[in-house]
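# Per-entry structural report
Next come the chains, spelled out residue by residue.
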Amino acid sequence: MTELMEWLAERGVTTVIKVDGDRMAERRAAWMVIVSGGQLGEDSFFRTDLATADACLDSLLAHLEGKGLSPFE
């Protein structure tokens, strides 16, 4: 995950990954990822709240692919 965050930062993208202990205790979607800016463009704000870090990562990767960015190329 840190490699992906560094890759995004090199492209001017701000990334936040968070886990919320209160949400987890309530059995709600505790993980959140936010990305914005840089090569994603001005109107690029993306946020997802999901149950696991892996689910957030998968959602983020799908979003990046939709914007024409892939850390795997």
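Throughout what follows, the structure given in this document is the object of discussion.

What counts, and where the lines are drawn
Residues numbered from 1 in each chain as written. Predicted model: local features only at pLDDT ≥ 70, side-chain atom pairs only at ≥ 80, totals over all residues. Heavy atoms only, no water. Helix = DSSP H or I, 4+ residues; strand = E, 2+ residues; numbered from the N terminus. Buried < 20%, exposed > 50% of the residue type's maximum accessible area, 1.4 Å probe, protein only. Salt bridge = Lys/Arg side-chain N within 4 Å of Asp/Glu carboxyl O. 1 Å grid on protein atoms, 1.4 Å probe; cavity = no way out; pocket = protein on both sides within 12 Å on 5 of 7 lines; lining within 4 Å. Points joined across faces, edges and corners; volume = space filled by probe spheres on them. Contact = heavy atoms within 4.5 Å. Core = buried A, V, L, I, M, F, W, Y, C linked by side-chain atoms within 4.5 Å.

## A word on unusual backbone geometry
Phi at Arg27 is positive, roughly 60 degrees, even though this residue is not glycine. Checked against the element boundaries, Arg27 lands in the loop between α2 (21-25) and β2 (31-36). Owing to a relative accessible area of 78%, Arg27 belongs among the exposed residues under this scheme.

## Some remarks on the pattern of salt bridges
The full count for this structure, using the stated rule, is six salt bridges. A salt bridge links Asp20 to Arg23; the shortest N-O distance between them is 4.0 Å. Taken together, the shared-partner salt bridges in this structure form one network comprising Lys18, Asp20, Arg23, Arg47 and Asp49.

## Looking at empty space enclosed by the protein
What the rule picks out here adds up to one cavity of 30 Å³ or more. What the largest cavity holds in volume is close to 40 Å³. Residue lining of the largest cavity: Met1, Ile17, Trp31, Val33, Ala53, Cys56, Leu57 and Leu60, and that is the complete set. Sorting the residues of the lining of the largest cavity by element identifies β2 and α3 (53-66) as the ones contributing at least two each.

## Regarding the side chain of Thr15
Of note, Thr15 is situated in strand β1 (residues 14-19). Excluding its chain neighbours within four sequence positions, the residues that come into contact with Thr15 are Met5, Leu8, Ile34 and Val35.

## Quick notes on the nonpolar core
One finds Leu4, Trp7, Leu8, Val13, Val33, Val35, Leu40, Phe46, Cys56, Leu60, Leu64 and Leu69 forming the largest nonpolar core, which totals twelve residues. Where this core is concerned, the elements lending two or more residues are α1 (2-10), β2 and α3. Those residues in contact with Phe46 that sit more than four places away from it in its chain are Val33, Ile34, Val35, Ser59, Leu60 and His63.

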